[in-house]
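# Observations on the three-dimensional arrangement
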Amino acid sequence: MSYPHRHLLAIEGLYPPAIQHLLDLAENYVSLNRTGKTQRDLLRGRTLINLFFEDSTRTRTSFELAGKRLGADVINMSVASSSVNKGETLLDTAATLNAMHCDLLVVRHGQSGAANLLAQKVGACVINAGDGAHEHPTQALLDALTIRRHKGKLQGLQIAICGDVAHSRVARSNIHLLSAMGARVRVVGPPTLIPGPITRLGVEVSYDMREGLAGADIVMMLRLQRERMSSGLIPSAREYFRFWGLDHEKLAFAKPDALVMHPGPMNRGVEIDSAVADDPVRSLIAEQVEMGVAVRMAVLDTLARNGARHD
Ligand code: ASP
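What follows is about the packing of aromatic side chains. Per the stated rule, a full pass over the model turns up 0 aromatic pairs. Just above the ring of F241 sits the side chain of K250; from NZ or CZ to the centre is 5.5 Å.

Below, the structure is given as structure tokens:
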């Protein structure tokens, strides 16, 4: 079995064939989605619960659409309307979900490890849709699919991941995936937003955009996550943009055919200039969203085949 797991909790620890399997299957779903056809038999009668303890627009909608396109019954539970606000613990929530015999559970939570904990307690297949600053595996998969479609490969590419690496689960998942698939990753940003131990993941570090973007095939910008910062990590937003914000002038430090990505939501004028974000030739940002649906269909399909346990 090329993806031998019941859950998708992190990219770290996945072997390249498992990643390859999900990307190849997602590629089929891109074609299917473009024809407007659906495959509603695949998850017919299965229940998918989207359990979001943190805000999300694109990820939640993307999982909802992916589930519906495969025929699942999709239920969205957001924390504002759930009993977690009434003091229920994560484990109580797990027991409730178990009693409902949900098959696929997509969870986003502010604490690293939350998806892992739930996976130990529920019979459903669990998909981590972002846990604290830890991982966001489907984002890395959709990023990889987007890159592969444009560059024809991942192996040997130079990828610059820029900005608020410290608070970014997107950065962590991408570092694991891209390194596993043979790309070279450099993280670029101010020292206050690049954690020292990141070099243990085998990445290069640069504190300068000119140096950091040199030779890059892909420039991946990260959102400045002010909601996760204590204070004093950055000067003003305007200063941040001056040194770290991607505009066409800084993009020129990368390869002439370098492409730009951002996981969204974007702070325009802070980490990225609108002229770059909306550049139809250089920006892949809209396409990343399209790839997100296909990747999530591939993940749901694969996990549903591997099976939920209702014991
Ligand atoms: N949407 C991504 C996440 O949930 C990136 C971000 O919020 O900046 O991690």
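Moving on: the nonpolar core. If you look at the biggest cluster of nonpolar residues, it comprises 65 residues, and the most contacted ones within it are L141, I147, I159, I161 and L177. With 10 residues, the single largest contributor to this core is helix α11 (residues 285-306). Those residues in contact with I159 that sit more than four places away from it in its chain are I147, L178, A183, R184, V185, R186, I218 and M220. Membership of the second largest hydrophobic core comes to 24 residues, among which are C162, L193, M221 and I272.

The next subject is the site of the ligand. Near the ligand, the surroundings consist of R108, H136, R169, V170, R223, Q225, G264 and P265. Between the ligand and the protein, one listed contact pairs an oxygen atom with a side-chain N or O atom of R108 at 3.1 Å. Between the ligand and R223, the relevant distance is 2.7 Å, taken from an oxygen atom to a side-chain nitrogen or oxygen of the residue. Relative to its unbound accessible surface of 260 Å², the ligand loses 93% to contact with the protein. The class makeup of the residues in the shell around the ligand is 2 nonpolar, 3 polar and 3 charged.

A word on the environment of T61. Position of T61 among the secondary structure elements: in helix α2 (residues 58-69). Residue classification places T61 among the partly exposed positions, given a relative accessible area of 37%. For the pair T61 and N50, spaced 11 residues apart in sequence, the C-alpha to C-alpha distance is 9.4 Å.

A few words on the sheet that holds strand β2 (residues 73-78). The parallel open sheet is built from 4 strands, whose spatial order is β2-β1-β3-β4. Among the strands making up the open sheet, the edge pair consists of β2 and β4 (125-131). Between one strand axis and the next, the sheet turns through 15° on average, direction left out of account. Note: strand β1 (residues 47-52) against strand β3 (residues 104-109), 5 bridges, orientation parallel. Bridging from a neighbouring strand, L51 pairs with V107 of β3. In this fold α11 packs onto β1, β3 and β4, with an angle of close to 145° to the strand it touches most, β4.

This paragraph deals with the pairing of strand β5 (residues 158-162). Of all 5 residues that make up β5, 5 are buried, and the element is covered over most of its length. Where β5 lies against strand β6 (residues 184-188), 5 bridges are found, and the strand directions are parallel. Directly across from Q158, in β6, lies its bridge partner R184. In the classification by handedness, the crossover that spans β5, the intervening helix α6 (residues 169-180) and the parallel β6 is right-handed. Two elements, β5 and strand β8 (residues 218-221), share 4 bridges in a ladder whose sense is parallel. Within the sheet, the bridge partner assigned to A160 lies in β8 and is V219.

Reading the values: the criteria
- Residues numbered from 1 in each chain as written.
- Predicted model: local features only at pLDDT ≥ 70, side-chain atom pairs only at ≥ 80, totals over all residues.
- Heavy atoms only, no water.
- Phe/Tyr/Trp six-rings, centres within 6.5 Å; stacked < 30°, edge-to-face > 60°.
- Lys NZ or Arg CZ within 6 Å of the ring centre and 35° of its normal.
- Core = buried A, V, L, I, M, F, W, Y, C linked by side-chain atoms within 4.5 Å.
- Buried < 20%, exposed > 50% of the residue type's maximum accessible area, 1.4 Å probe, protein only.
- Helix = DSSP H or I, 4+ residues; strand = E, 2+ residues; numbered from the N terminus.
- Contact = heavy atoms within 4.5 Å.
- Near = heavy atom within 4 Å.
- Polar contact = N/O pair within 3.5 Å; in protein donor to acceptor, adjacent residues only side chain to side chain.
- Areas by Shrake-Rupley, 256 points an atom, 1.4 Å probe, with all protein chains shown as cover.
- Nonpolar A, V, L, I, M, F, W, Y, C, P; charged D, E, K, R; others polar.
- Pairing = 2+ DSSP bridges.
- Axes fitted to C-alpha atoms, helices over the stretch in contact; angles between N-to-C directions.
- Right-handed = clockwise from strand over helix to strand, strands pointing away.

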